[in-house]
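Examining the three-dimensional arrangement
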Amino acid sequence: MTSLLNEMVDREKIASFPQKDFRLKQESSYNRASKSPQDTVGWFTNHDFNRTEKDHNFLRIEENNGQKEWVLMDHQGAGAIVRTWMPFRSTKNPKTDIIIKFYLDGATEPALEGNMLGLLDGTDLFPFPLAHKSLRSAVSFFPIPYAKSCKVTVTNRPFFYQFTYREYEEGTSIKTFTMGDYQKAKPQINEVCETLLNPQNTITGKAVKLQSVLAKNEEKSVVLPEGTSALKNLSLKLGDYSDSTVTRSVILKIEFDGQQTVWCPIGDFFGSGIGLNPFKGWYRTVTEEGTMSCRWVMPYQKSGKVTVLNLGDKPVDIQLDATVGDWEWNENSMYFNAAWRGQNPVPTRPFSDWNYVTLKGRGVYVGDALTIMNPVEQWWGEGDEKIWVDGEDFPSIFGTGTEDYYGYSWGGMSTDFYEHPFHAQPYSHKYNKLNRKTEIGERNTKGYSTETRTRSLDVMPFGSSLQLDMEVWSGTDCDMAYGVGVYWYGDATTTSNRTPDPKGVLSAH
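No experiment lies behind these values; they were computed from the predicted model shown. (Residues numbered from 1 in each chain as written. Predicted model: local features only at pLDDT ≥ 70, side-chain atom pairs only at ≥ 80, totals over all residues. Heavy atoms only, no water.)

Attention now moves to the overall build of the protein chain. What the protein chain contains, in helices and strands, is 7 helices and 34 strands. Its C-alpha atoms give the protein chain a radius of gyration of 22 Å, near enough to 23 Å, the size a compact globule of 509 residues would have. Taken over the C-alpha atoms alone, the protein chain extends approximately 75 × 50 × 45 Å along its principal axes. Taken across its 509 residues, the protein chain has 61% of its residues classed as buried. (Helix = DSSP H or I, 4+ residues; strand = E, 2+ residues; numbered from the N terminus. Rg over C-alpha atoms; globule rule 2.2 N^0.38 Å. Buried < 20%, exposed > 50% of the residue type's maximum accessible area, 1.4 Å probe, protein only.)

Shown next as structure tokens:
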């Protein structure tokens, strides 16, 4: 538990392939009719909850001392739960009397138990922001490691749920979570919370700057210091954001060791979406004054170059600042990558899976930012994430809805700004941090929305391949527009199916 908490706030860790290899897995209430993409009816069945006794989107029911318990997760082997998500059962009621229990290493008594929402929403044992009450959801990132097995149960029929966990290689030595260790670790836990809520830029290193005006189709570059190093901070500020599409038409490009690994519109790279939408996260911050910054650690062996390209019609003022620090390159060091995919129109019928990215080789997937344009009032975000790793026959991560993937629920009602160190909704229709929704019951699902999720303990390592698809599942037949920025680390030989798309950038909004 203590080493995982340290890892959570160590950005350099994810820039190297894990020394103790693991694969990220998930247990969720996805609909059990979804068995194969070839079955186009079952694959897109959206009934992924447990509303009545007829629904069985969970593992099984057991009886314990005369009481029924619904089993939601039962992992045999060494692992660690690194993310949980539970929604409210109704849009306006955050209360429940259901008890959640974590049985570790085959024990007959739970190592941890508590209120199903309170334990996970930052109001009970796990403090904010390690656990928090999102928009109509309880989301926890507190790590619960176990050496041999983990079974999670609840004392009444669950609604929706997700338990995301690391599955370690056999023989990995793990110290199983205990309440005694939790109590001893309280000073460290409080320090991690403080660190997550106040992310600091690296100040030691060499400063690199670029200030210029870019004409239409013009680009300017800055060369990074030579030798083995890592780009540790990068910030960009434009002179004018009055045209909101400027964050889609200005492109960030980065080369490391002669190979371009980043080509992404700045709004999708920094998580702002279309326009300047302030928020603060562990890896990225967008300020009200217009500075967009990131703290991804980006190592290189010999050389690096950062370029800003203006694809828009009007000149743009840019101010770029970066800090380059020390790095020791070894066989597990990887290059940071960011890419973009956009499509307009995206038809919602027939139902389909929309591919964020497909990667070949070795690497670690670390996050994404999705911006959609919804032309109708109907809710758009019922689509599930389906993530295939290393050639699986069935995705090891099969979700329960796009809004669930991004850490909230009841999407038709939750169209409002929220932020957290690891996920956020910087913009939802007309609302952002500077313009909050005041009428709770307002359903403003029409228009633009930006959701973003970045990963720390829930990063996804892959040895040979990773494919991330997001199901397109709107409540009505219409044409939407999708644009996504995706972020991963990979070896020099790791490839993606994403290439620079200047034409797409200009047509995707």
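By size, the foremost hydrophobic cluster in this structure holds 147 residues, and its most contacted members are Ile-100, Phe-269, Trp-296, Tyr-356 and Tyr-365. Apart from residues lying up to four places away in sequence, Phe-269 is in contact with Leu-252, Val-262, Cys-264, Arg-284, Cys-294, Met-298, Phe-336, Ala-338 and Tyr-487. Counting 6 residues, the second largest nonpolar core, distinct from the first, contains Tyr-30, Trp-43, Trp-388 and Trp-473. (Core = buried A, V, L, I, M, F, W, Y, C linked by side-chain atoms within 4.5 Å. Contact = heavy atoms within 4.5 Å.)

For Ala-147, the position within the fold is in the loop between β9 (144–146) and β10 (149–154). Under the relative-accessibility criterion, Ala-147 is labelled partly exposed at 25%. With 324 residues separating them in the primary sequence, Ala-147 and Glu-471 have C-alpha atoms 34 Å apart. In contact with Ala-147, other than residues within four places in its own chain, are Gly-77, Ala-78, Asp-105, Ile-174 and Thr-176.

All right, on to the sheet that holds strand β24 (residues 352–360) then. Ordered in space as β27-β26-β32-β24-β34, the 5 strands form an open sheet in which the pairing is antiparallel. The two strands at the open ends of the sheet, each matched to only one other strand, are β27 (397–398) and β34 (495–496). Here strand β26 (residues 385–389) runs beside β27; their pairing, made up of 2 bridges, is antiparallel. Looking across to β27, one finds that Lys-386 is bridged to Phe-398. (Pairing = 2+ DSSP bridges.)

Enumeration over the complete set of coordinates arrives at 35 aromatic pairs. Between Phe-336 and Tyr-489 the ring centres are 5.3 Å apart and the planes differ by 75 degrees, which places this aromatic pair in the edge-to-face class. Separated by 153 residues along the polypeptide, Phe-336 in strand β23 (residues 335–347) and Tyr-489 in strand β33 (residues 479–490) bring together distant segments of the chain. Judged by relative accessible area, Phe-336 falls into the buried class, the value being 0%. Classification of Tyr-489 as buried rests on a relative accessible area of 0%. Seen in terms of ring centroids, Phe-351 and Trp-473 are 4.7 Å apart; in terms of plane orientation they differ by 15 degrees. Their pairing is stacked. Here Trp-473 lies in the loop between β32 (465–472) and β33 and Phe-351 lies in the loop between β23 and β24, a separation of 122 residues in the sequence. On the accessibility criterion, Trp-473 (16% relative accessible area) is buried. Chaining the aromatic ring pairs together yields one cluster made of Phe-269, Phe-270, Tyr-283, Trp-296, Phe-336, Tyr-487 and Tyr-489. (Phe/Tyr/Trp six-rings, centres within 6.5 Å; stacked < 30°, edge-to-face > 60°.)

Looking now at the pairing of strand β25 (residues 363–374). Counting buried residues in β25 gives 11 out of 12 residues, a clear majority hidden from the surface. Pairing between β25 and β33: 10 bridges, direction antiparallel. Residue Tyr-365 lies in a different strand from β33, and its bridge partner there is Trp-488. Judged from the 8 bridges that link them, β25 and strand β30 (residues 447–454) form a sheet pairing that is antiparallel. Bridging from a neighbouring strand, Met-373 pairs with Tyr-448 of β30.

This brings us to the pattern of salt bridges. Here the structure, examined in full by the defined rule, presents 26 salt bridges. With a shortest N-O distance of 3.8 Å, Lys-220 and Glu-218 are connected by a salt bridge. Classification of Glu-218 by relative accessible area gives partly exposed; the value is 27%. With a shortest N-O distance of 2.9 Å, Lys-253 and Glu-219 are connected by a salt bridge. Note that Lys-253 is positioned in strand β15 (residues 250–256) and Glu-219 in strand β13 (residues 219–223), a separation of 34 residues in sequence. When its relative accessible area of 15% is taken as the criterion, Lys-253 is described as buried. (Salt bridge = Lys/Arg side-chain N within 4 Å of Asp/Glu carboxyl O.)

This part takes up helix α3 (residues 186–197). With 12 residues, α3 extends 17 Å from end C-alpha to end C-alpha; this agrees with the ideal 16 Å at 1.5 Å per step. Buried residues of α3: Gln-188, Ile-189, Val-192, Cys-193 and Leu-196, and no others. For α3, the buried positions fall inside an angular range of 140 degrees around the axis, keeping them on one side. Away from the buried face of α3 by more than 90 degrees, exposed residues Pro-187, Glu-191 and Glu-194 are located. In the core, the buried residues of α3 are packed alongside α1 (2–8) and α2 (179–184). (Expected span 1.5 Å × (residues − 1). Arc of directions from axis to C-beta.)

Here we take up the sheet that holds strand β2 (residues 60–64). Within the open sheet, the 5 strands sit side by side as β2-β3-β10-β5-β6. Their pairing is antiparallel. Both edges of this open sheet fall to β2 and β6 (112–115), since each of them pairs with a single strand only. Each strand axis lies, on average, 30 degrees off the axis of its neighbour in the sheet, ignoring direction. Two elements, strand β3 (residues 67–76) and β10, share 6 bridges in a ladder whose sense is antiparallel. (Axes fitted to C-alpha atoms, helices over the stretch in contact; angles between N-to-C directions.)

Here we take up the pairing of β3. Alignment of β2 against β3, held across 5 bridges, turns out to be antiparallel. Its bridge partner lying in β3, Arg-60 is registered against Val-71. Here β2 folds back onto β3 in antiparallel fashion, the turn holding 2 residues, of which Asn-65 has a positive phi close to 55 degrees.

Taken as a whole, this structure holds 0 disulfides when the rule is applied. Here Cys-264 is not disulfide-linked; the sulfur of Cys-294 is the nearest cysteine sulfur, at 11 Å. (Disulfide = S-S within 2.5 Å.)

What follows concerns the side chain of Ser-249. With respect to the helices and strands, Ser-249 occurs in helix α4 (residues 246–249). Sequence-distant contacts of Ser-249, that is, excluding residues within four places in its chain, are made with Leu-309, Asn-310, Leu-311, Gly-312, Val-505 and Leu-506.

This paragraph deals with the environment of Thr-495. Of note, Thr-495 is situated in strand β34. Thr-495 sits 397 residues away from Ile-98 along the chain, and the two C-alpha atoms are 46 Å apart. Aside from chain neighbours lying at most four places away, what touches Thr-495 is Thr-358, Leu-359 and Lys-360.

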